[in-house]
Amino acid sequence: MKNRPARATISDVANAAKTGKTSVSRYLNGEQHLLSPDLKTRIEQAIAELHYQPSQMARGLKRGRTRLIGLIIADITNPYSVDVMCGIEAACRARGFTLLMCNTNNEVDLEQHYLQLLSSYQVEGVVVNAVGMREEALNRLQQSLLPMVLIDRKIPDFACDVVGLNNPEAADIATRHLVDNGYEALLFLSEPIGSVNTRRERLQAFRQTLSAFPEIAYENSELPLNQPTQLEAALRDFHQRHSGKRCAVMAANGALTLQVARAMQRVGLRWGENIGLLGFDELEWAALAGPGITTLQQPTWQIGYAALERVLERIEGSELPVTEQVFSGKLIVRGSSQRLSLL
């Protein structure tokens, strides 16, 4: 097996150009106006011939800047997270930063591990889609003073900029849509709410909106993902208890919407025919599922882009008060939530 050629160093470039390392450093750092045209040409040729690539990390550390941004995502399999990441990456690219992404898979221990890892890489700021960090992790973050922005989920008792959906507004729009389409019994389904503010805010708005419609029966159920028998039982029970009424289900996020749709098929409930269905988050398959599933679309790319911009403001020294920046969602109406005729 042939040995790989050694990577060219700045000393190699200096020797090939017949100059010193200081002149090469000036060339690389954009101070070419300090060099003679002949010397500049020799350095250019040496870099090309040796295929020299400077270490951006080393250069950044020398200047006290790494131009690295850390991203901690709760669940990279979630299309929401992918879209958010694309927005963050686009903003990084536009501003000359590099993104380091870590997926915690909704595990608190991994979240803490990656926070420590990103700190060791000397990232200049962090964007976090929080899971539910423990007190010791929060204390470390507060002491580090590392610029940080939260996406989607807030952390209780932790003062930090947050960027996400206007959940009360979005849930109100979705709920009123179901009311306007003649549904008489509504079920709000979510994963266990715990400290996840997005689920709590959507449920609160759902209840608040329906409090103005005493003729409509409504309830909520919290179920863990990947518990199909429990979900089937909840749907079957809800539909049977409200027999004779127009029933509809609202799912709190895209992953749960998919589980609900599958469970409905297994128990013989057909959305758009004998039950309504509306889910948060727009997913590609929603338009292809039978008559299509109505969704509340989040501007996920814009949320990610805005979160990175907020982090950069903090990196650049902004001392504005901690704020929450929210975006409006968009209801995409399909056949699953249209006015039903009782079967």
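About the thresholds
Residues numbered from 1 in each chain as written. Predicted model: local features only at pLDDT ≥ 70, side-chain atom pairs only at ≥ 80, totals over all residues. Heavy atoms only, no water. Pairing = 2+ DSSP bridges. Helix = DSSP H or I, 4+ residues; strand = E, 2+ residues; numbered from the N terminus. Axes fitted to C-alpha atoms, helices over the stretch in contact; angles between N-to-C directions. Contact = heavy atoms within 4.5 Å. 1 Å grid on protein atoms, 1.4 Å probe; cavity = no way out; pocket = protein on both sides within 12 Å on 5 of 7 lines; lining within 4 Å. Points joined across faces, edges and corners; volume = space filled by probe spheres on them. Nonpolar A, V, L, I, M, F, W, Y, C, P; charged D, E, K, R; others polar. Expected span 1.5 Å × (residues − 1). Buried < 20%, exposed > 50% of the residue type's maximum accessible area, 1.4 Å probe, protein only. Core = buried A, V, L, I, M, F, W, Y, C linked by side-chain atoms within 4.5 Å. Polar contact = N/O pair within 3.5 Å; in protein donor to acceptor, adjacent residues only side chain to side chain. Phe/Tyr/Trp six-rings, centres within 6.5 Å; stacked < 30°, edge-to-face > 60°.

Going by what an unreviewed UniProt entry lists, the chain is known as LacI family DNA-binding transcriptional regulator and is assigned to Pantoea osteomyelitidis.

**Student:** For the sheet that holds strand β8 (residues 247-251), give the residues involved together with the corresponding values.
**Tutor:** Here 6 strands make up an open sheet; going across it, the order is β7-β6-β8-β9-β10-β12 and the pairing mixed. Of all strands in the sheet, those bounded by a partner on one side alone are β7 (217-222) and β12 (330-332). In this sheet, neighbouring strand axes are inclined to one another by 20 degrees on average, regardless of whether the strands run parallel or antiparallel. Relative to β7, strand β6 (residues 185-190) is paired through 6 bridges, and the arrangement is parallel. When the sheet's bridge partners are listed, Leu186 is paired in β7 with Tyr218. Of the strands in this sheet, β6, β7, β8 and β9 (276-280) touch helix α9 (residues 197-210), which is tilted by about 170 degrees from β6.

**Student:** An account of the layout of surface pockets is needed here, citing residue identities and associated values.
**Tutor:** Its volume calculated, the largest pocket comes out at about 340 Å³. Counting only elements with at least two residues in the lining of the largest pocket, the list comes to α5 (79-95) and α9. In terms of residue count, α9 provides more of the lining of the largest pocket than any other element does, 3 residues in total. Along the lines of polarity and charge, the residues of the lining of the largest pocket split into 6 nonpolar, 7 polar and 7 charged.

**Student:** How would you summarise α9 if you had to cite specific residues and measurements?
**Tutor:** Between its first and last C-alpha atoms α9 spans 20 Å; for 14 residues at 1.5 Å apiece the expected length is 20 Å, and the two agree. Counting buried residues in α9 gives 10 out of 14 residues, a clear majority hidden from the surface. Restricting attention to buried positions, one finds in α9 the residues Asn197, Thr198, Arg199, Glu201, Arg202, Leu203, Ala205, Phe206, Thr209 and Leu210. Structurally, α9 contributes buried residues whose contacts are with β5 (161-165), α8 (167-180), β6, β7, β8 and β9.

**Student:** Hey, could you go over the nonpolar core for me, with residue numbers and the actual values?
**Tutor:** Leu189, Leu235, Val249, Val260, Met264 and Leu277 are the most contacted members of the largest nonpolar core, which totals 24 residues. Mapped by element, the contributors of at least two residues to this core are β6, α10 (228-241), β8 and α11 (254-267). For this core, the element with the most residues is α11, which contributes 5 residues. In contact with Leu277, other than residues within four places in its own chain, are Val249, Val260, Ala261, Met264, Trp271, Ile293, Thr294, Ser336 and Ser337.

**Student:** Please set out the sheet that holds strand β11 (residues 324-327) residue by residue, giving values where relevant.
**Tutor:** The strands that make up a sheet pair up through hydrogen bonds in the backbone, lying either parallel or antiparallel. Spatially, 6 strands are ordered β2-β1-β3-β4-β5-β11 in an open sheet, and the strand pairing comes out parallel. Edge positions in the sheet fall to β2 (98-103) and β11, since each of these pairs with one other strand and no more. Direction aside, the axes of adjacent strands within the sheet are offset by 20 degrees on average. Strand direction decides the pairing type here: strand β4 (residues 148-151) and β5, joined by 3 bridges, are parallel. Looking across to β5, one finds that Val149 is bridged to Asp161. Most of the contacts of helix α6 (residues 108-120) go to strand β1 (residues 68-73), to which it runs at about 175 degrees, and overall it touches β1, β2 and β3 (125-128).

**Student:** Give me unusual backbone geometry: which residues, what numbers.
**Tutor:** Notably, Lys18 is not glycine yet its phi reads approximately 55 degrees, a positive angle. On the secondary structure map, Lys18 appears in the loop between α1 (10-17) and α2 (21-28).

**Student:** For the environment of Ser336, give the residues involved together with the corresponding values.
**Tutor:** Following the sequence through the fold, Ser336 ends up in the segment after β12. C-alpha of Ser336 to C-alpha of Gly290: the two residues are 46 residues apart in sequence and 8.5 Å apart in space. When residues no more than four places from it in sequence are discounted, the contact partners of Ser336 are Tyr183, Trp271, Gly272, Ile275, Gly276, Leu277, Pro291, Gly292, Ile293 and Thr294. A polar contact of 2.8 Å, which involves the side chain of Ser336, links it to the backbone nitrogen of Thr294.

**Student:** Please give an account of the packing of aromatic side chains that cites residues and values.
**Tutor:** In this structure the tally under the stated criterion is 3 aromatic pairs. On the basis of an interplanar angle of 45 degrees and a centroid distance of 5.4 Å, the ring pair of Phe188 and Phe206 is categorised as tilted. With a gap of 18 residues between them, Phe188 in strand β6 and Phe206 in helix α9 connect regions that are remote in the sequence. A residue is classified by how much of its surface remains accessible, and Phe188, at 0% relative accessible area, is buried. Ring centres of Phe206 and Tyr218 lie 6.0 Å apart, and the angle between their planes is 90 degrees; on these two criteria the pair is classed as edge-to-face. Here Tyr218 lies in strand β7 and Phe206 lies in helix α9, a separation of 12 residues in the sequence. Using a relative accessible area of 35% as the deciding quantity, one classes Tyr218 as partly exposed.

**Student:** Before we move on, can you summarise the pairing of β8 with the specific residues and values?
**Tutor:** With 5 of 5 residues buried, β8 is to be regarded as a mostly interior element. Side chains of β8 alternate between two faces, with Cys247, Val249 and Ala251 and Ala248 and Met250 buried alike. Note that β6 and β8 share 5 bridges and pair parallel. Opposite Leu187, over in β8, you have Val249 as the bridge partner.

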